[in-house]
Amino acid sequence: VSSLTALPSNPFKVLTSSSSPLTYSVAFAHDDASLSHVGTGLHNVPLARLDAMYLTLKANTVTIQEVIRIIGPFPNVLNTLYGRTTVEGDDVVFTINSVIDGTGKELVGEEDRIVTCNIVYGSENVVVMETGEKGEGKYLIFVKEEDLDGQLYEKNLGEEKKNKI
């Protein structure tokens, strides 16, 4: 991972302020804590597994979508987090101000959730962020996602569900 810093990358501020959405899917996570650092952590409940996580950056906003698979004859669940992005040096700060759970209900907290990650590398194709203390090695690697709607459709989620009930 340390050799990534030598590669040419876009300043993350440019990526977060893009007027067209940049969507990434998680390709690698160091552990569950890394995923929970950015997401809801609801995949840690019994009989639930994280199936996919998507990160969308556009005009200083962030959308994080988690697809959680419930073991058994239950449908997948889509949790969506909305917020703002700011870049402070090598860190990106996500200020999450809205969470929509799998039932479509908005979960309201008393205050915004602040998530800080160190950006190791960022481009239109790949984002590598460190979720723990700097140098701890708890990485999340996101790769460009070309067809988010198609991915959600295949998981029976999104606007157009594959198996309508």
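Structure's up top.
Residue positions are given per chain, counted from 1 along the sequence in the order it is written. Residue-level local features of this predicted model are given only where pLDDT is at least 70; pairs of side-chain atoms are given and counted only at 80 or more, and the full residue set underlies all totals for whole chains, interfaces and linings. Excluding hydrogens and water, the side-chain values take into account all heavy atoms of the structure.

(A) Here's a closer look at the pattern of salt bridges. Here a salt bridge means any side-chain nitrogen of Lys or Arg lying within 4 Å of a carboxyl oxygen belonging to Asp or Glu. Scanning the model with the defined rule gives four salt bridges in all. In this structure, lysine 155 engages aspartate 51 in a salt bridge whose closest nitrogen and oxygen atoms are separated by 3.1 Å. Of this pair, lysine 155 sits in the segment after α3 (148–154) while aspartate 51 sits in strand β2 (residues 48–58), and the two are 104 residues apart along the sequence. Burial classes follow relative accessibility: with a 1.4 Å probe on protein chains only, a residue under 20% of its type's maximum area counts as buried, one over 50% as exposed, and anything between as partly exposed. Overall, lysine 155 belongs to the buried group, its relative accessible area being 17%. Put simply, DSSP H or I for four residues or longer makes a helix, DSSP E for two residues or longer makes a strand, and each gets a number counted from the N terminus.

(B) The arrangement of unusual backbone geometry in detail. We note that alanine 59 has phi near 45°; this positive angle belongs to a residue other than glycine. Relative to the elements of secondary structure, alanine 59 occurs in the loop between β2 and β3 (61–70). The phi dihedral of asparagine 60 is positive, around 60°, even though this residue is not glycine. Summarising the element assignment, asparagine 60 is placed in the loop between β2 and β3.

(C) Summary view of the nonpolar core. Formed by 24 residues in total, the largest nonpolar core has its most connected members in Leu55, Phe94 and Met129. In terms of residues, this core owes the most to one element, strand β5 (residues 91–100), which gives four residues. In what follows, residue pairs with any heavy atoms lying within 4.5 Å of each other are defined as contacts. Excluding anything up to four places from it in sequence, leucine 55 contacts Leu22, Thr23, Tyr24, Val62, Thr63, Ile64, Phe94, Met129 and Phe142. Residues belong to a common nonpolar core when they are buried Ala, Val, Leu, Ile, Met, Phe, Trp, Tyr or Cys residues joined through side-chain atoms within 4.5 Å.

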